[in-house]
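Architecture at a glance
Chain by chain, the residues:
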Amino acid sequence: CAGADLSAPPPHFWHAVPDIGIDVGKPLIAAIQGPVVGLAVTLLAFCDLCVAAEDTRFIYPEAKVGVSKGLVTALVARVPHKIAMELMLLGGPLSAQRAYEAGFVNRVVPLGQQLIAAQEMAATIAASAPLVVRQLKDFSRQTLPRSPAETLYRATRAVDEVSDSEDAAEGLRAFQEKRAPRFQGR
């Protein structure tokens, strides 16, 4: 993934980030190959498992470009501090092997084998107890420290869910019509 189009950056990119813009209760497995750039690095940081083809390289050019929304700082909770800082401040490239050694990637496989390896992981998880898998993912998410950007985007999502709700619209209509609102919890 080449990341976001910097000629027209998406204003609400965080809506697509797992567990930030959208709640994902099931484990996420990334199967990657080639350049993983910018926003793609951020998306990968929020995946639970990752299989990388041996030609994968991680590049985070935002410091060189002058654009950042800060969510990539979630890396600091997921890989060693100095590796995260190297990628964020120097921009990379970081090889698949180095990412594996730092714990950002679970497996490095020959080119073309990444999807097969990811599907094998998925099959193992699918054969496991769903309640346990969900619990382990939930507890793990709660254990990870959150960056200020993660907190901001999670809070924004929670506020937007209320602001954009049917109940909010009903409350405003009821106020304008001078009647008691009929809330539905939606």
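Structure: above.
To keep things clear, this report deals only with the structure shown in the data block. Not measured: the values here are computed from a predicted model.

Observations regarding the overall build of the protein
Looking only at helices and strands, one finds eight helices and six strands in the protein. In terms of overall dimensions, the protein has C-alpha extents of about 65 × 45 × 25 Å along its principal axes. Here the protein holds 186 residues, and the buried ones make up 34% of them. Across the protein, every contact between residues at least 6 apart in sequence was considered, and the portion connecting residues at least 24 apart equals 62%. On the protein, roughly 10900 Å² of surface is accessible, and the fraction owed to carbon and sulfur atoms is 61%.

Comments concerning the sheet that holds strand β4 (residues 57-59)
Spatially, β2-β4-β5 is the arrangement adopted by the three strands of the open sheet, whose pairing is mixed. What marks the edges here is a single partner per strand, and that holds for β2 (35-37) and β5 (94-95). One ladder, built from three bridges, connects β2 with β4; its direction is parallel. The residue of β4 that forms the bridge with V36 is F58.

Considerations on the packing of aromatic side chains
The final tally for this structure, using the stated rule, is three aromatic pairs. For R78, the ring lying beneath its charged end belongs to F46, and the centroid distance is 4.5 Å.

Examining the pattern of salt bridges
Per the stated rule, a full pass over the model turns up 14 salt bridges. Of the charged contacts in the structure, one is a salt bridge between K137 and D48, with a shortest N-O distance of 2.6 Å. Of this pair, K137 sits in helix α6 (residues 130-143) while D48 sits in the loop between α1 (39-45) and β3 (49-53), and the two are 89 residues apart along the sequence. Note on K137: relative accessible area 6%, which makes it buried. With relative accessibility at 35%, the residue D48 sits in the partly exposed group. Close ionic contact of R78 with E150 constitutes a salt bridge, the shortest N to O distance being 3.8 Å. Linking R78 in the loop between α2 (62-65) and α3 (81-90) with E150 in helix α7 (residues 148-163), this pair joins segments that are 72 residues apart in sequence. You can call E150 buried: its relative accessible area is 1%. Where salt bridges share partners, they join D19, D23, D48, R134, K137, D138 and R141 into one cluster.

Calculation criteria
Residues numbered from 1 in each chain as written. Predicted model: local features only at pLDDT ≥ 70, side-chain atom pairs only at ≥ 80, totals over all residues. Heavy atoms only, no water. Helix = DSSP H or I, 4+ residues; strand = E, 2+ residues; numbered from the N terminus. Buried < 20%, exposed > 50% of the residue type's maximum accessible area, 1.4 Å probe, protein only. Contact = heavy atoms within 4.5 Å. Areas by Shrake-Rupley, 256 points an atom, 1.4 Å probe, with all protein chains shown as cover. Pairing = 2+ DSSP bridges. Phe/Tyr/Trp six-rings, centres within 6.5 Å; stacked < 30°, edge-to-face > 60°. Lys NZ or Arg CZ within 6 Å of the ring centre and 35° of its normal. Salt bridge = Lys/Arg side-chain N within 4 Å of Asp/Glu carboxyl O.

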